[in-house]
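For reference, the chains in residue letters:
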Amino acid sequence: MSMRKVILSSATLAIALWLAPGAGAADPIKIGIVGPNTGPAATTGLTVTATWKLVADEYNGKGGIAIDGEQRLIELLPADSQSKPSTGVSAAQRLLTRDQVDILVGDTLHSDVTLAIMELATAFPDTLFYAPLPVSSTISDKIRDEPEKYGNVWKWDADTEAYATSIADFMTSDAAAESRHFENKTYAIVAEKTNYSSTIAESVKEALAGTGWELLTSEGAPVGSTDYYSQITKIKSLDPDVVISIMTAANSGLAYIKQSREQAVEYEDIGVYYPGLPPFMKGVGSDGNGLIFFTGTFDTKSERGREFADLMVANDIPPSGDAVLGYCSATVMFDAVARAGSLDAAKIGDALLETDDDTCANYQRIVFDPKRHSPLLGPDHAFMPGAQLYADGKEFFIFYPERAATGKLDELP
């Protein structure tokens, strides 16, 4: 089943949730959810929306959530950002004003879109704004620096530094150096032109500063680009040991990796985010063998991973890192609403501050920083695992950077 068939249209989805058992007894809890349901990152947007629907269905199956002592069902209202900040803001405004949603979720993926949407927060101080997958530390910085303006904004996923720490740990580890022969300790970056990518790139530079690694060049491309020949040609001429590619669209990652192989590059590829997307794994074939990548993936061979994968398959959702992040971000938010017993942003915020969740299939522990409204980072909290593709993109194994939960870096083959 295709991902587009997994997600119902906005109208159909709203009706489906509205007609759940017991509907009509009280006004529903309206959750507006803005994400890239079309465009270059649609796979992620549709996956996240599907997992949020699944969690909403679980609550509705138990009678919904008690708000001010009254049981109310959940009505999910999806809206498409098309990976564009302006479109995301327009969608959010419609949900807030026309549909009068109780909680605004968005963007489900893009930091740029989230940064634009959160500018609406001041006009709706009693409404919780909640971003599931965006990681840009710029979002957290804004919340910390202007709490009176963004105090009702929360971000579930880890900050940019989680990527940087893990990537730097890999590049500087003895295991990686011995197996990869990083003779010159030089690297390059090729990334889409978004706040997500730029903040990760800057954090990586900071994490590698003073380690002996030298950045040779940093190249950019628009979101959804599928032509990287000029960037690859330039980078190849510089002969780096490692190239870090940062992209959110599967087709961009596929194009970059396949074009790199066409040009017979000899550097080590480290991919950020895109290699964990099912369309990438399905299409990369042997070109992906050995690719190191960092994203919110999970180990399907662990007990918790197998259980989660089975749950996704049973609900026609392809198991993936996006599915993990979507499902876990939804459970944390709905749990906070249930504990708050209120739809007031301040009360839900207080409940989020009491969150200590370690139930996610990727083993991250979510405890929110009271000033940044984002998860605490580190070995005992949120971290970013690494992985390596093999078997022509059909399989991967997980390894954990030294400063992640396992406290070690697994030996690479």
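Anything mentioned here points back to the structure above.
Keep in mind the model is a prediction, meaning the values are calculated, not measured.

## Regarding the overall build of the protein
Phase 1: For the protein, the count of helices and strands is 16 helices and 14 strands.
Phase 2: Taken against the 2.2 N^0.38 rule, which gives 22 Å for 413 residues, the C-alpha radius of gyration of the protein at 21 Å falls within 12% of a compact globule.
Phase 3: Projected onto its principal axes, the C-alpha positions of the protein cover 65 × 45 × 40 Å.
Phase 4: By residue count, 59% of the 413 residues in the protein fall in the buried class.
Phase 5: Summarising the internal contacts of the protein: among those between residues at least 6 apart in sequence, 72% fall at separations of at least 24.
Phase 6: Looking at the protein as shown, the accessible area adds up to about 15,700 Å², and 49% of this sits on carbon and sulfur atoms.
Phase 7: Seen as two clouds, the 33 positive and the 57 negative side-chain charges of the protein have centres 4 Å apart.

## Thoughts on the pattern of salt bridges
Phase 1: Evaluation of the coordinates by the stated rule reveals 16 salt bridges.
Phase 2: A salt bridge links Arg-144 to Asp-145; the nearest nitrogen and oxygen atoms lie 2.8 Å apart.
Phase 3: Each of Asp-141, Arg-144, Asp-145, Lys-155, Asp-159 and Arg-372 takes part in a single network of salt bridges with overlapping partners.

## Digging into empty space enclosed by the protein
Phase 1: This model, assessed by the stated rule, comprises three cavities of 30 Å³ or more.
Phase 2: By volume, the largest cavity amounts to about 100 Å³.
Phase 3: Leu-133, Val-135, Asp-157, Tyr-163 and Tyr-273 are, among the 13 residues lining the largest cavity, the residues nearest its centre.
Phase 4: Of the residues contributing to the lining of the largest cavity, the split by class is nine nonpolar, three polar and one charged.

## Comments concerning the sheet that holds strand S5 (residues 103-106)
Phase 1: Taken in spatial order, the five strands of this open sheet run S4-S1-S5-S6-S7, and their pairing is parallel. In the strand order of this sheet, the two ends are held by strand S4 (74-80) and strand S7 (153-155), each with one partner. Adjacent strand axes in the sheet meet at a mean angle of 20° when their direction is disregarded.
Phase 2: Where S5 meets strand S6 (residues 128-131), three bridges bridge the pair, whose relative direction is parallel. Paired with Leu-104 across the strands is Phe-129, a residue of S6.

## Examining the pairing of S6
Phase 1: On S6, burial covers both faces: Leu-128 and Tyr-130 on one face and Phe-129 and Ala-131 on the other are all buried.
Phase 2: Running through helix H5 (residues 111-117), the crossover from S5 to the neighbouring parallel element S6 is right-handed.
Phase 3: Pairing geometry for S6 and S7, over three bridges, is parallel. Pairing of Tyr-130 across the sheet is with Trp-154, part of S7.

## Here's the deal with the environment of Ile-139
Phase 1: Mapped onto the elements of the fold, Ile-139 is located in helix H6 (residues 137-145).
Phase 2: A relative accessible area of 0% places Ile-139 in the buried class.
Phase 3: Sequence separation between Ile-139 and Trp-154 is 15 residues, and the spatial gap between their C-alpha atoms is 9.0 Å.
Phase 4: Discounting residues that sit within four places of it in the chain, Ile-139 has contacts with Ser-111, Thr-114, Leu-115, Met-118, Pro-134 and Lys-155.

## Comments concerning helix H11 (residues 229-238)
Since the α-helix turns once every 3.6 residues, residues separated by three or four places project in the same direction.
Phase 1: Every buried residue of H11 is accounted for by Gln-231, Ile-232 and Ile-235. End-on, the buried residues of H11 take up no more than an arc of 95°, which puts them together on one face. Of the residues in H11, the exposed ones pointing more than 90 degrees away from the buried face are Ser-230 and Ser-237.
Phase 2: Buried residues in H11 make contact with strand S8 (186-192), strand S9 (214-221), strand S10 (242-247) and helix H12 (250-262).
Phase 3: Downstream of H11 by a residue or two, Asp-239 has a phi angle that is positive, lying close to 55°.

## Notes on the sheet that holds strand S12 (residues 292-294)
Remark on secondary structure: sheet strands pair via backbone hydrogen bonds, oriented parallel or antiparallel.
Phase 1: Read from one edge to the other, the open sheet built from seven strands follows the order S9-S8-S10-S11-S12-S13-S14, with strand pairing classed as mixed. The two strands at the open ends of the sheet, each matched to only one other strand, are S9 and strand S14 (395-399). Within the sheet, the average angular offset between the axes of one strand and its neighbour, ignoring direction, is 25°.
Phase 2: Here S10 pairs with strand S11 (residues 268-273) via six bridges, running parallel. Counted as the bridge partner of Ile-246 is Val-272 from S11.
Phase 3: Its contacts with the sheet place helix H10 (residues 195-208) against S8, S9, S10 and S11, and it is angled at close to 165° to S8.

## A word on the packing of aromatic side chains
Phase 1: Considering all chains together, one arrives at 14 aromatic pairs under this definition.
Phase 2: With 5.5 Å between their ring centres and 90° between their planes, Trp-154 and Phe-368 make a pair best called edge-to-face. You can see Trp-154 sitting in strand S7 and its partner Phe-368 sitting in the loop between helix H16 (345-353) and strand S13 (386-390), a full 214 residues away along the chain. Judged on exposure class, the residue Trp-154 and its partner Phe-368 are both buried.
Phase 3: Through pairs of rings, three or more aromatic residues link up here, namely Trp-52, Tyr-59, Tyr-130 and Phe-334.

## Observations regarding the layout of surface pockets
Phase 1: Its volume calculated, the largest pocket comes out at about 530 Å³.
Phase 2: Pro-278, Met-281, Pro-318, Pro-319 and Ser-320 are, among the 22 residues lining the largest pocket, the residues nearest its centre.
Phase 3: Of all elements in the fold, only helix H13 (278-284) and S14 reach the threshold of two or more residues within the lining of the largest pocket.
Phase 4: Of all the elements, H13 adds the most residues to the lining of the largest pocket, at four residues.
Phase 5: Along the lines of polarity and charge, the residues of the lining of the largest pocket split into 10 nonpolar, seven polar and five charged.
Phase 6: The calculated volume of the second largest pocket comes to roughly 160 Å³.
Phase 7: Considering the residues around the second largest pocket, the lining is formed by Arg-180, His-181, Phe-182, Glu-183, Asn-184, Asp-239, Pro-240, Asp-241, Glu-266, Tyr-267 and Glu-268.
Phase 8: Residues belonging to the lining of the second largest pocket are distributed by class as follows: three nonpolar, two polar and six charged.

The rules behind these values
- All residue numbers refer to position in the chain's written sequence, counted from 1.
- Reporting of local features is limited, given that this is a predicted model, to residues whose pLDDT is at least 70; pairs of side-chain atoms are given and counted only at 80 or more, and all residues count toward the totals for whole chains, interfaces and linings.
- Side-chain measures were taken over the full set of non-hydrogen atoms in the model, leaving aside hydrogen atoms and water.
- Only DSSP runs of H or I reaching four residues or more are called helices, and only runs of E reaching two or more are called strands; each is numbered from the N terminus.
- Note on method: radius of gyration uses C-alpha positions; expected globular size equals 2.2 Å times residues raised to 0.38.
- Residue exposure (1.4 Å probe, protein chains only): buried if accessible area is under 20% of the type maximum, exposed if over 50%, otherwise partly exposed.
- We call two residues contacting when some pair of their heavy atoms lies within 4.5 Å.
- Accessible surface area values rest on a Shrake-Rupley calculation with a 1.4 Å probe, where residue burial reflects the displayed protein chains alone.
- Within this scheme the basic residues Lys and Arg register as positive and the acidic residues Asp and Glu register as negative, but His and the chain ends are omitted.
- One atom stands in for each charge, and that atom is NZ of Lys, CZ of Arg, CG of Asp or CD of Glu.
- A carboxyl oxygen of Asp or Glu within 4 Å of a side-chain nitrogen of Lys or Arg is what we treat as a salt bridge.
- Think of a 1 Å grid over just the protein atoms. A cavity is a set of points where a 1.4 Å probe fits yet cannot get out, a pocket is an open set with protein on both sides within 12 Å along at least five of seven lines, and lining residues have an atom within 4 Å of a point.
- Grid points are joined across faces, edges and corners, and a volume is the space filled by probe spheres set on the points.
- Gly is put with the polar residues, along with every residue not named as nonpolar or charged; the nonpolar set is Ala, Val, Leu, Ile, Met, Phe, Trp, Tyr, Cys and Pro, and the charged set is Asp, Glu, Lys and Arg.
- Any two strands are treated as partners once DSSP identifies two or more bridges connecting them.
- Geometry is summarised by axes, namely lines fitted to C-alpha atoms with helices restricted to the contacting stretch, and by angles between N-to-C directions that run from 0 to 180 degrees.
- If you view a crossover with the strands going away from you and the path from the first strand over the helix to the second runs clockwise, you call it right-handed.
- To obtain the arc, one takes the directions from the helix axis to the C-beta atoms.
- The criterion for an aromatic pair is that two Phe, Tyr or Trp rings (for Trp, the six-membered ring) have centres within 6.5 Å, with stacked assigned to planes under 30 degrees apart, edge-to-face to planes over 60 apart and tilted to the rest.

Distances and angles like these do not, on their own, reveal function.
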